[in-house]
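Here is what each chain is made of, one letter per residue.
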Amino acid sequence: MELDLPRTWPSWVVLAFLIVAAGYFFMLYRREGTLASQPFKFGLTILRWLLVVLIIVMLGELDLRIDRRGLPYLAVVIDDSASMSIPDRYADAKTESAAQSLAQSAGIQSATRLDLAKAILLTKQAELLRKLSSEHRVRLYAVSSSMRLLGEFTGADELEAARKQLLDLQAERSDSRLGLGLREVLKDLSGVPPTAVIFLTDGITTDGEPLPDAANYAAR
């Protein structure tokens, strides 16, 4: 965390100006022939001097910069509610064949919605997860009736653990609270904004906040 003044002047100029301002205000109140006490006059002097400091800060366009240390977070969220166990019916044989090929390329025989979500992450020796984990601290979540943290992965060395977690995932939970799940994911990150949230889902919410509403909250 760092304070920065993009539009500023040489330090000696600012310091000299503040010293002159302090001296001017001190002499101004000292010469006033009012019945006010010396401590009261001194307080007014300080207030005027602080006002000058505030003006300098405003003119300098003070910025608060927060530099991240280490890799940023990225959340990968998979919907494991019961509706994800359904194999979709496609409009044509070509699309159905592409879905089957995607699943098989990840070593998965069936092509349910959940299987295809797994395949997106695991196909070509988990190429997508490998790329993401090389630039981020990837947190893997499952969301249905509640949010569950499956693990955190950084680097290719931990991809086998991520692969096992994904392959073991089953779509068996009846409730689908996607909006609440997304909010819980953000809460679990302890207020640290992730680079992105990748949500693999059929979009069906059976209870609570709809996913688009929670997505707008996440964007803010």
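Analysis parameters
- Residues numbered from 1 in each chain as written.
- Predicted model: local features only at pLDDT ≥ 70, side-chain atom pairs only at ≥ 80, totals over all residues.
- Heavy atoms only, no water.
- Phe/Tyr/Trp six-rings, centres within 6.5 Å; stacked < 30°, edge-to-face > 60°.
- Lys NZ or Arg CZ within 6 Å of the ring centre and 35° of its normal.
- Core = buried A, V, L, I, M, F, W, Y, C linked by side-chain atoms within 4.5 Å.
- Buried < 20%, exposed > 50% of the residue type's maximum accessible area, 1.4 Å probe, protein only.
- Helix = DSSP H or I, 4+ residues; strand = E, 2+ residues; numbered from the N terminus.
- Contact = heavy atoms within 4.5 Å.
- Patch = residues over 30% accessible without salt bridge, like charges linked within 9 Å, V, L, I, M, F, W, Y side chains within 5 Å.
- Areas by Shrake-Rupley, 256 points an atom, 1.4 Å probe, with all protein chains shown as cover.
- Salt bridge = Lys/Arg side-chain N within 4 Å of Asp/Glu carboxyl O.
- Pairing = 2+ DSSP bridges.
- Axes fitted to C-alpha atoms, helices over the stretch in contact; angles between N-to-C directions.
- Left-handed = near helix turned anticlockwise from the far one by under 90°.
- Nonpolar A, V, L, I, M, F, W, Y, C, P; charged D, E, K, R; others polar.

Undergrad: Help me out: how do you make sense of the packing of aromatic side chains in this one?
TA: Any pair of aromatic rings gets described here by the distance separating the centres and the angle formed by the planes. As enumerated under the stated definition, the model contains one aromatic pair in all. Across the ring face of Tyr217, the terminal group of Arg183 is positioned such that the distance to the ring centre comes to 4.0 Å.

Undergrad: Even after reading the chapter, I still don't get the nonpolar core, so can you show me in this structure?
TA: Looking at soluble globular proteins, one finds that nonpolar side chains tend to be buried together. Counting 29 residues, the largest nonpolar core has Val76, Ile78, Leu121, Leu129, Leu140 and Leu166 as the members making the most contacts within it. Broken down by element, the residue count for this core peaks at nine residues, all from helix 4 (residues 113-135). When residues no more than four places from it in sequence are discounted, the contact partners of Leu140 are Val76, Ile78, Arg148, Leu149, Leu150, Gly151, Phe153, Ala162, Gln165 and Leu166. Of all hydrophobic cores here, the second largest spans 13 residues; its members include Tyr73, Val77, Leu211 and Ala214.

Undergrad: So what exactly am I meant to see when it comes to a nonpolar patch on the surface here?
TA: There is a patch of nonpolar side chains on the surface, built from Leu51, Leu54, Ile55, Met58 and Leu59 and spanning about 500 Å² of accessible area. Among the structural elements, Leu51 can be located in helix 2 (residues 38-59). For Leu51, a relative accessible area of 48% corresponds to the partly exposed category.

Undergrad: What am I meant to see in the environment of Ile78 here?
TA: Its place among the elements puts Ile78 in strand 3 (residues 73-79). Taking the C-alpha atoms as reference points, Ile78 and Leu114, separated by 36 residues in sequence, lie 8.0 Å from one another. Those residues within four positions of Ile78 in sequence are excluded, and the remaining contacts are Leu114, Leu121, Leu140, Tyr141, Ala142, Val143, Leu166, Leu169 and Leu200.

Undergrad: Help me out: how do you make sense of unusual backbone geometry in this one?
TA: Negative phi characterises most residues that are not glycine, and trans characterises most peptide bonds. Backbone geometry at Lys124 places phi at a positive 55 degrees, although glycine is not the residue there. Relative to the helices and strands, Lys124 is located in helix 4. Residue Lys124 is classed as exposed on the basis of its relative accessible area of 62%. In this structure, Gln125 is a non-glycine residue whose phi angle is positive, near 55 degrees. You can see Gln125 is positioned in helix 4.

Undergrad: I would appreciate a short explanation of the sheet that holds strand 5 (residues 147-153) in the present structure.
TA: By way of backbone hydrogen bonds, the strands of a sheet pair with one another, either parallel or antiparallel. Strand order across the open sheet formed by four strands is 5-4-3-6, with mixed pairing between neighbours. With one partner strand each, in any of the chains shown, strand 5 and strand 6 (197-200) form the two edges of the open sheet. For this sheet the average axis-to-axis angle between neighbouring strands, irrespective of direction, equals 20 degrees. Strand direction decides the pairing type here: strand 4 (residues 137-143) and strand 5, joined by six bridges, are antiparallel. Residue Tyr141 lies in a different strand from strand 5, and its bridge partner there is Leu149. Against the sheet, helix 6 (residues 178-188) contacts strand 3, strand 4, strand 5 and strand 6, and its axis sits at roughly 150 degrees relative to strand 4.

Undergrad: What's the story with the packing of helix 4 against helix 5 (residues 159-167) in this structure? I'm lost.
TA: Two measures define how a pair of helices packs: the angle their axes make with one another and the distance between the axes. Relative orientation of the contacting elements helix 4 and helix 5 amounts to 145 degrees, with a least axis distance of 11 Å. Seen from above, helix 4 lies across helix 5 with right-handed handedness. For the pair helix 4 and helix 5, the contacting residues are Lys118, Leu121, Leu122, Ala126, Leu129, Arg130 and Ser133 in the first and Leu159, Ala162, Arg163, Leu166 and Leu167 in the second. Looking at side-chain class alone, the contact of helix 4 with helix 5 contains eight nonpolar, one polar and three charged residues.

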